[in-house]
Amino acid sequence: MSEINNIFDISGRALSAQLLRMNTVASNLANANNVAGSAAEAYRAIKPVFETKYAESFERSGVATVDAVNVLAINRQPEKVFMPEHPKADEEGFIYNAAVNVEEEMVEMLEASRQYQNNIEVISTMRALMMRTIQMGK
Amino acid sequence: MKTISDHLSFHASALGLRSKRNEILASNIANAATPHFKARDIDFGEEIRKHEKIGPLVTSDKRHYALASVRTGEETLYRQPMSPSLDGNTVELPIEQIEFSENVVRYQTSLQFLNNRISGLLSAIKGE
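Presented here is an overview of the structure given in this document.

Criteria and thresholds
Residues numbered from 1 in each chain as written. Chains lettered and ligands numbered in written order. Predicted model: local features only at pLDDT ≥ 70, side-chain atom pairs only at ≥ 80, totals over all residues. Helix = DSSP H or I, 4+ residues; strand = E, 2+ residues; numbered from the N terminus. Buried ≥ 20, exposed ≤ 12 C-beta atoms within 10 Å, placed from the backbone. Rg over C-alpha atoms; globule rule 2.2 N^0.38 Å. Axes fitted to C-alpha atoms, helices over the stretch in contact; angles between N-to-C directions. Parallel < 35°, antiparallel > 145°, perpendicular 65-115°, else oblique. Left-handed = near helix turned anticlockwise from the far one by under 90°. Nonpolar A, V, L, I, M, F, W, Y, C, P; charged D, E, K, R; others polar. Core = buried A, V, L, I, M, F, W, Y, C linked by C-beta atoms within 7 Å. Contact = placed C-beta atoms within 7 Å. Pairing = 2+ DSSP bridges.

**Some words on the overall build of chain B**
Part 1 of the reasoning: The number of helices and strands found in chain B is three helices and two strands.
Part 2 of the reasoning: Expressed as a percentage of its 128 residues, the buried residues of chain B come to 25%.

Right, dumping it as structure tokens:
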């Protein structure tokens, strides 16, 4: 992994982590109404795993950023519904709804978007500061 | 004798520290959603005293040792959370945002002081 040197590394990588989180939310919401013929085939919500990445000089600088290291399907059982007339129903007449909690995904989406905005705000503020700093003495 | 760098050094080191603190606060904001992340910060007043070698004791003779003359680099401390969350993350976004915006304003203030000193020097050099 590349070394974390400045504000653009810190907030930029946080942005990509939050964007990945948004992507998982989008996948989960898109598949929220999926139906499968067996519990194993049913869609399960996927979640990113966030991990702090410390700079090599962390003890001196205290600088750290975040990476989404992994995307995992959560261990939640799909809802089993008795619907014998459904074309995908198994021999006992059950279908399996995707294991996605829509409300939870909405909250996740709002939180990810707010944190994305926070990081954008940090970058633009720091950029403005840098622009003013290079004008020093003029 | 006072050199030009002495004239500028206080605000220069304040600016450097502010910039460092900005990066630490940005790290906290970046890790707002990371489990087990502990928010860090530096005590600006303490660090600037270390930079400027201002200790808690005053020296009145040149043979006295200044107490804070040992610089060991910045000490990044841990923030005490008001309401810790279940996942072990101690970042509280409202606090970090306020600290960040305050730090940005103070950075700009230091920058302004530096600018004023530089333009003062320039006008002294030109003699206009």
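Let's pick the thread back up.
**Description of the overall build of chain A**
Part 1 of the reasoning: Looking only at helices and strands, chain A features three helices and five strands.
Part 2 of the reasoning: Tracing chain A from N to C terminus, the helices and strands come up as α-β-β-α-β-β-β-α.
Part 3 of the reasoning: Relative to the 2.2 N^0.38 estimate, which gives 14 Å for 138 residues, the radius of gyration of chain A is 22 Å and therefore markedly larger than a compact globule would have.
Part 4 of the reasoning: Over its C-alpha atoms, taken along the principal directions, chain A stretches across nearly 80 × 30 × 15 Å.
Part 5 of the reasoning: With 138 residues in all, chain A has 28% of them scored as buried.

**Details of the environment of asparagine 6 of chain A**
Part 1 of the reasoning: Its location among the elements puts asparagine 6 of chain A in the segment before α1 (7–30).
Part 2 of the reasoning: Sequence-wise, asparagine 6 of chain A and alanine 55 of chain A are 49 residues apart; in three dimensions their C-alpha atoms are separated by 10.0 Å.

**Side note on the packing of helix α1 (residues 4–30) of chain B against helix α3 (residues 93–126) of chain B**
All names here are of chain B.
Part 1 of the reasoning: Direction vectors running N to C along α1 and α3 enclose 160 degrees, while the axes themselves pass 9 Å from each other. It follows from the interaxial angle that α1 and α3 lie roughly antiparallel. Of the two elements, α1 crosses α3, and the hand of that crossing is left-handed.
Part 2 of the reasoning: Tallied by class, residues from the contact of α1 with α3 come to 14 nonpolar, seven polar and six charged.

**A few points about the nonpolar core**
Part 1 of the reasoning: Residues Ile10 and Ala14 of chain A together with Ala26, Ile29 and Ala30 of chain B are the most contacted members of the largest nonpolar core, which totals 24 residues.
Part 2 of the reasoning: Broken down by secondary-structure element, the contributors of at least two residues to this core are α1, β3 (64–73) and α3 (102–134) of chain A together with α1 of chain B.
Part 3 of the reasoning: Not counting the four nearest positions on each side in its chain, isoleucine 29 of chain B is found in contact with Asn118, Asn119 and Val122 of chain A together with Glu96 and Phe100 of chain B.

**Section: unusual backbone geometry**
Residues and elements named next belong to chain B.
Part 1 of the reasoning: A positive phi is found at histidine 36, a non-glycine position, where the angle reads about 70 degrees.
Part 2 of the reasoning: Position of histidine 36 relative to the elements: it lies in the loop between α1 and β1 (40–42).
Part 3 of the reasoning: With 12 C-beta atoms counted inside 10 Å, the residue histidine 36 sits in the exposed group.

**Some points on the sheet that holds strand β5 (residues 94–97) of chain A**
Backbone hydrogen bonds are what pair the strands of a sheet, in a parallel or an antiparallel way.
All names here are of chain A.
Part 1 of the reasoning: Taken together, three strands build an open sheet; the order of strands is β1-β5-β4 and the sheet is antiparallel. Edge positions in the open sheet fall to β1 (35–36) and β4 (79–82), since each of these has one partner strand only.
Part 2 of the reasoning: Of the pairings in the sheet, the one linking β4 to β5 comprises four bridges and is antiparallel in character. Its bridge partner lying in β5, glutamate 79 is registered against asparagine 97.

**Regarding the pairing of β5 of chain A**
Looking along a regular strand, one sees the side chains alternate between the two faces of the sheet.
Part 1 of the reasoning: Here β1 of chain A runs beside β5 of chain A; their pairing, made up of two bridges, is antiparallel. Counted as the bridge partner of alanine 36 of chain A is tyrosine 96 of chain A from β5 of chain A.

**So, the environment of proline 84 of chain B**
Residue and element names in this part refer to chain B.
Part 1 of the reasoning: With respect to the helices, strands and loops of the structure, proline 84 is situated in the loop between β2 (76–78) and α3.
Part 2 of the reasoning: Look at proline 84 and you get exposed, because 11 C-beta atoms sit within 10 Å.
Part 3 of the reasoning: On a C-alpha basis, the gap between proline 84 and glutamate 99 in space is 18 Å, while along the polypeptide they are 15 residues apart.

**Some words on the interface of chain A and chain B**
Interfaces are often described in size by the accessible area the parts lose on coming together.
Part 1 of the reasoning: Contacts between the two partners involve 25 residues from chain A and, on the opposite side, 25 residues from chain B.
Part 2 of the reasoning: The set of elements that each furnish at least two residues to the side of chain A that touches chain B consists of α1, β2 (46–54), α2 (58–61), β3 and α3 of chain A.
Part 3 of the reasoning: Split by residue class, the side of chain A that touches chain B holds eleven nonpolar, eleven polar and three charged.

**As for the packing of α3 of chain A against α3 of chain B**
Relative placement of two packed helices is described by the angle separating their axes and the distance separating the axes.
Part 1 of the reasoning: Relative to each other, α3 of chain A and α3 of chain B sit at 5 degrees, their axes nearing to 11 Å. If you check the angle between α3 of chain A and α3 of chain B, you find them roughly parallel. Across from Asn118, Val122, Thr125, Leu129, Arg132 and Thr133 of chain A in α3 of chain A, the residues of α3 of chain B making contact are Leu93, Phe100, Val104, Tyr107, Gln108 and Leu111 of chain B.

These figures capture arrangement, not role.
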